[in-house]
Amino acid sequence: MIEKATVRLGSPADRTRDMLDVALVIPLQGPAGIFGPSCESCAQLAAEEVNAAAGVLGRELRLVLVDGGAPPEQVATEIDALVSGGVVDAVAGWHISAVREVVAPRIDGRVPYVYTALYEGESGRPACSSPARPRAVNCGPHCSGSPVNSVSAAGRSSATTTSGPAPPPAPPAAICGNWAARSATRSMYPLGTRDFAPVLARVAASDCEAVLMLLIGDDAVLFNRAFTAAGLDRDHIRFSSLIEENVLLATGPENTRGLMTAAGYFEDLPTASGLDFAAAYGRRFGPAAPVLNSLGESCYEGVRMLTELLRRAGGTDMDRIQATAEGLEYETPRGTVQIRDRHLRQRVFLAAADGLQWDVLQQLP
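Residues numbered from 1 in each chain as written. Predicted model: local features only at pLDDT ≥ 70, side-chain atom pairs only at ≥ 80, totals over all residues. Heavy atoms only, no water.

Draft legend 1. Quick peek at the overall build of the chain. Looking only at helices and strands, one finds 11 helices and 17 strands in the chain. The burial tally for the chain puts 59% of its 365 residues in the buried class. (Helix = DSSP H or I, 4+ residues; strand = E, 2+ residues; numbered from the N terminus. Buried < 20%, exposed > 50% of the residue type's maximum accessible area, 1.4 Å probe, protein only.)

Draft legend 2. Fine view of the packing of helix 10 (residues 294-313) against helix 11 (residues 318-325). One can describe the packing of helix 10 onto helix 11 by two numbers: an axis separation of 9 Å at closest approach and a directional angle of 95°. It follows from the interaxial angle that helix 10 and helix 11 lie roughly perpendicular. Residues Leu309, Leu310, Arg312 and Ala313 of helix 10 pack against Arg320, Ile321, Thr324 and Ala325 of helix 11. Its residues placed into classes, the contact of helix 10 with helix 11 shows five nonpolar, one polar and two charged. (Axes fitted to C-alpha atoms, helices over the stretch in contact; angles between N-to-C directions. Parallel < 35°, antiparallel > 145°, perpendicular 65-115°, else oblique. Contact = heavy atoms within 4.5 Å. Nonpolar A, V, L, I, M, F, W, Y, C, P; charged D, E, K, R; others polar.)

Draft legend 3. Region of the structure containing helix 3 (residues 72-84). The terminal C-alpha atoms of helix 3 lie 18 Å apart, and with 13 residues this matches the ideal 18 Å at 1.5 Å per residue to within 8%. Taken together, the buried positions of helix 3 are occupied by Val75, Ala76, Glu78, Ile79, Leu82 and Val83. All buried residues of helix 3 lie within an arc of 165° about the axis, which places them on one face of the element. Note on helix 3: the residue one or two positions beyond its end, Gly86, has a positive phi of about 70°. (Expected span 1.5 Å × (residues − 1). Arc of directions from axis to C-beta.)

Draft legend 4. Here's a closer look at the nonpolar core. Membership of the largest hydrophobic core comes to 106 residues, with the highest contact counts inside it found for Ile79, Val91, Trp94, Met305 and Leu309. Looking at which element gives the most residues to this core, the answer is helix 10, with nine residues. In this structure, Met305 is in contact with Val114, Val137, Asn138, Cys139, Tyr330, Ile339 and Leu344, ignoring residues within four places of it in sequence. (Core = buried A, V, L, I, M, F, W, Y, C linked by side-chain atoms within 4.5 Å.)

Draft legend 5. The arrangement of the pattern of salt bridges in detail. Taken as a whole, this structure holds 13 salt bridges when the rule is applied. Ionic pairing is found between Asp89 and Arg59, a salt bridge with its closest N-O pair at 3.5 Å. Of this pair, Asp89 sits in the loop between helix 3 and strand 4 (90-93) while Arg59 sits in the loop between helix 2 (36-52) and strand 3 (60-67), placing them 30 residues apart in sequence. Look at Asp89 and you get buried, because its relative accessible area is 12%. The partner of Arg311 in a salt bridge is Glu308, with the nearest N and O atoms 3.7 Å apart. With Arg311 and Glu308 both in helix 10 and three residues apart, the pair spans about one turn of that helix. (Salt bridge = Lys/Arg side-chain N within 4 Å of Asp/Glu carboxyl O.)

Given below as structure tokens:
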């Protein structure tokens, strides 16, 4: 069951002890809104499976939908009200780093918070941590790991576009994205940018062979189309760990040449666990279901991780969860995964676009 947060905001009295309410924070608007339907459906499937298996802690799991595509401070205020009012017992979902960075301190360890997106690190500190306690557990890949290292496998990179912080690329480099500029080599743009001509001109004038781009949703679609229109797809590889099946479809087959990605899950990944998940998703939502993809699957993963953490800890207390989480292992669509240092240890695969599909090339070391 998924409810709109606005329906229940400030109404903790209607909660019953047989319900465990989780705020599902996913983008329903803005450039990342393209991911929203897939994220919601995958999370709903996970919740239904949990409830079919007797729920968690003897309670039915219920998702409370929060629009993570709203301005970050607005999202944080809504989450704070839900937590402070006793309306939700936990928070989970895929949302951009700018949202996570204001939501995590507002939650401040009062309830469990599972962040399902790719995590790029923060000022050299462990994920979403405070000196007192961790503020979040992450089930997405860490940027310091395989997804970013896969740039080498994609073709020894050099020019970068990004929606957030990224590790330093090998020179020469030109970086554009959705945050403020951080150095002379980076050209950052706000979310919703439609004109990428300046950075494309820099790429064309450089001697780079590949572009690392971490643009979000609709921004990535427009960039890809402009990249092809400028003729840059003939001589440059593009790599992004945030491009999935929705963006691929919106980009169009004529604009995906040389486009690569890395993720822990693909709809066409030929593993038993992945195929079983795709079959279950198809049975539940039918042929008109939102596109199945890695970001949506991450929300399924987030609900599953939260459930396993609560079962192992025997409750929602963050200190208890922290004390019992390390080494937790379970089966998911990504295969067998294990929690290590508040992150999910998992397989990551490199894939290349083949028209409107991903051709999975190899598992990354």
